[in-house]
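Given next are the chains, with one letter for each unit.
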2 protein chains.
Amino acid sequence: MSINHDDVRAPYLQLADILRERIAKGEIAPGKRLPSLMDMEREFGLNQKTIRKSLAVLKDEGLIESSPGRGMFVKAQPDDDRAEDGD
Amino acid sequence: MSINHDDVRAPYLQLADILRERIAKGEIAPGKRLPSLMDMEREFGLNQKTIRKSLAVLKDEGLIESSPGRGMFVKAQPDDDRAEDGD
DNA sequence: CACCATTTGTTCGTATGTATG
DNA sequence: GCATACATACGAACAAATGGT
């Protein structure tokens, strides 16, 4: 998956989409850390600001949470029916 | 109990949690000495500074007190219901 | 007294990561 | 992309207090 700059959709929305899908698929499981901003800069060829904008969307959706100095983490989803009571 | 570096919670908060629980359970009774910084370094695999930060939290909460050259001690808790005022 | 081992206290630096401009 | 600020974690060194010999 990558960003298409010719797409109608803004890059930050495309990225939000990509990440949302990875989370939905469990590729990044709840409680796990997302790649760092620098990593995503490299991976998607986007500006840090653009990436932060994407993350803001996901944060707003309650999908992820940030832990200053540690990273961005996938929150346990309410409609996630695996391991509700622990692992 | 151990520290999970992939957790959203910062290690120093995890450690503070662990120690708080040990104290609450009476595993480290009031007046007793906590393990030394070096001991905790070994036990939890954390840097001495990180451990100090945890202890600073507990000190701030009034759970423990430090005695330079001697160690860290569990303070008698105000809400400790033994012989508070046994008439 | 001096010496040493142990333990806490303090300060310097380095690296990573988030937040903001 | 960069600069700044802040939070977190690790490393190393030195100081000061304590206790035992």
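Up top is the structure these notes are about.
Here the residue numbering is sequential within each chain, running from 1 through the sequence in written order. Starting at A for chains and at 1 for ligands, labels are handed out in the order in which the entities are written. Local features are withheld for residues below a pLDDT of 70 in this predicted model, meaning they are given only at 70 or higher, and side-chain atom pairs are given and counted only at 80 or more; totals for whole chains, interfaces and linings count all residues. Hydrogens and waters are ignored; side-chain quantities use all the structure's heavy atoms.

Draft legend 1. Representation of the overall build of chain A in the model. Helix and strand labels come from DSSP, where a helix needs a run of H or I of at least four residues and a strand needs a run of E of at least two; each type is numbered from the N terminus. The helix and strand tally for chain A stands at three helices and two strands. Helices and strands appear in chain A in the N-to-C order α-α-α-β-β. In chain A, which comprises 87 residues, the proportion classed as buried is 30%. A contact between two residues is defined here by any heavy atoms of the two lying within 4.5 Å. At a minimum sequence separation of 6, the contacts of chain A that also span at least 24 residues come to 47%. The accessible surface values rely on the Shrake-Rupley method and a 1.4 Å probe; as for residues, cover is taken only from the protein chains in view. Surface exposure of chain A reaches about 5,600 Å², of which carbon and sulfur atoms provide 47%. A simple rule labels every residue: compare its accessible area, found with a 1.4 Å probe on the protein chains alone, to the largest value its type can have, and call it buried under 20%, exposed over 50%, or partly exposed in between.

Draft legend 2. Representation of the nonpolar core. By size, the foremost hydrophobic cluster in this structure holds 20 residues, and its most contacted members are B:Leu15, B:Leu34, B:Met40, B:Phe44, B:Ile51, B:Leu55 and B:Ile64. Elements represented by at least two residues in this core include exactly α1 (11–24), α2 (37–44), α3 (48–60) and β2 (71–74) of chain B. With five residues, the single largest contributor to this core is α1(B). Other than its neighbours up to four places away in sequence, B:Ile51 contacts B:Leu15, B:Leu37, B:Met40, B:Glu41 and B:Leu46. Among the nonpolar cores identified, the runner-up in size contains 18 residues, and A:Leu19, A:Leu58, A:Leu63 and A:Ile64 belong to it. Definition used in this section: a nonpolar core is a set of buried Ala, Val, Leu, Ile, Met, Phe, Trp, Tyr and Cys residues joined via side-chain atoms within 4.5 Å.

Draft legend 3. Structural context of the pairing of strand β2 (residues 71–74) of chain A. Residue and element names in this part refer to chain A. Strand pairing is assigned whenever DSSP identifies at least 2 bridges connecting the two strands. As defined by bridge partners, strand β1 (residues 64–67) adjoins β2 across four bridges and the pair is classed as antiparallel. Looking at β2, one finds that Ser66 is bridged to Met72. From the end of β1 to the start of β2, which pair antiparallel, there are three residues, and Gly69 there has a positive phi angle of about 85 degrees.

Draft legend 4. The arrangement of the pattern of salt bridges in detail. All names here are of chain A. Salt-bridge detection follows one rule: a side-chain nitrogen of Lys or Arg within 4 Å of a carboxyl oxygen of Asp or Glu. Tallied over the full model, the rule gives 12 salt bridges over all chains. The salt bridge partner of Asp17 is Arg20, with a shortest N-O separation of 2.9 Å. Of this pair, Asp17 and Arg20 both sit in helix α1 (residues 11–24), three residues apart, which is roughly one turn of the helix. According to the relative accessible area criterion, Asp17 is partly exposed, its value standing at 34%. One salt-bridge network, in which partners are shared between bridges, spans Arg9, Asp17, Arg20 and Glu61.

Draft legend 5. Seen up close, the protein's contact with DNA strand C. Definition of nearness: a residue and a molecule or strand are near each other if at least one heavy atom of the residue lies within 4 Å of the molecule or strand. Lining the immediate environment of DNA strand C, one finds 24 residues, of which A:Arg52, A:Ser66, B:Lys49, B:Arg52 and B:Ser66 sit closest. The sugar and phosphate moieties of DNA strand C supply 65% of its atoms located within 4 Å of the protein. Of the residues assigned to the surface near DNA strand C, the class counts are six nonpolar, eight polar and 10 charged. Here the term charged refers only to Asp, Glu, Lys and Arg, the term nonpolar to Ala, Val, Leu, Ile, Met, Phe, Trp, Tyr, Cys and Pro, and the term polar to all other amino acids, Gly among them.

Draft legend 6. Structural detail: the protein's contact with DNA strand D. Taken together, 18 residues are adjacent to DNA strand D, and A:Glu41, B:Pro11, B:Asn47, B:Lys49 and B:Thr50 come closest. Counting only the atoms of DNA strand D that lie within 4 Å of the protein, the sugar and phosphate share comes to 65%. Take A:Glu41: an N or O atom from its side chain is 2.8 Å from a phosphate oxygen of DNA strand D. Polar contacts, as used here, are pairs of N or O atoms within 3.5 Å; protein pairs need one atom able to donate a hydrogen and one able to accept it. Residues neighboring in sequence count only if both atoms are side-chain atoms. B:Lys53 places a polar side-chain atom, nitrogen or oxygen, 3.3 Å from a phosphate oxygen of DNA strand D. Broken down by secondary-structure element, the contributors of at least two residues to the surface near DNA strand D are α1 and α3 of chain B.

Draft legend 7. Spatial organisation of the interface of chain B and chain A. Facing the seven residues of chain B at the interface are six residues of chain A. At the junction of chain B with chain A, the criterion picks out three residue pairs in polar contact (both at pLDDT 80 or more). Here the side of chain B that touches chain A is built from residues that sort into three nonpolar, one polar and three charged.

Draft legend 8. Highlighting the side chain of B:Gln14. Residues and elements named next belong to chain B. Its place among the elements puts Gln14 in helix α1. Gln14 gets classed as buried once you look at its relative accessible area, which sits at 10%. Those residues in contact with Gln14 that sit more than four places away from it in its chain are Ser2, Ile3, Asn4, Asp7 and Arg9.

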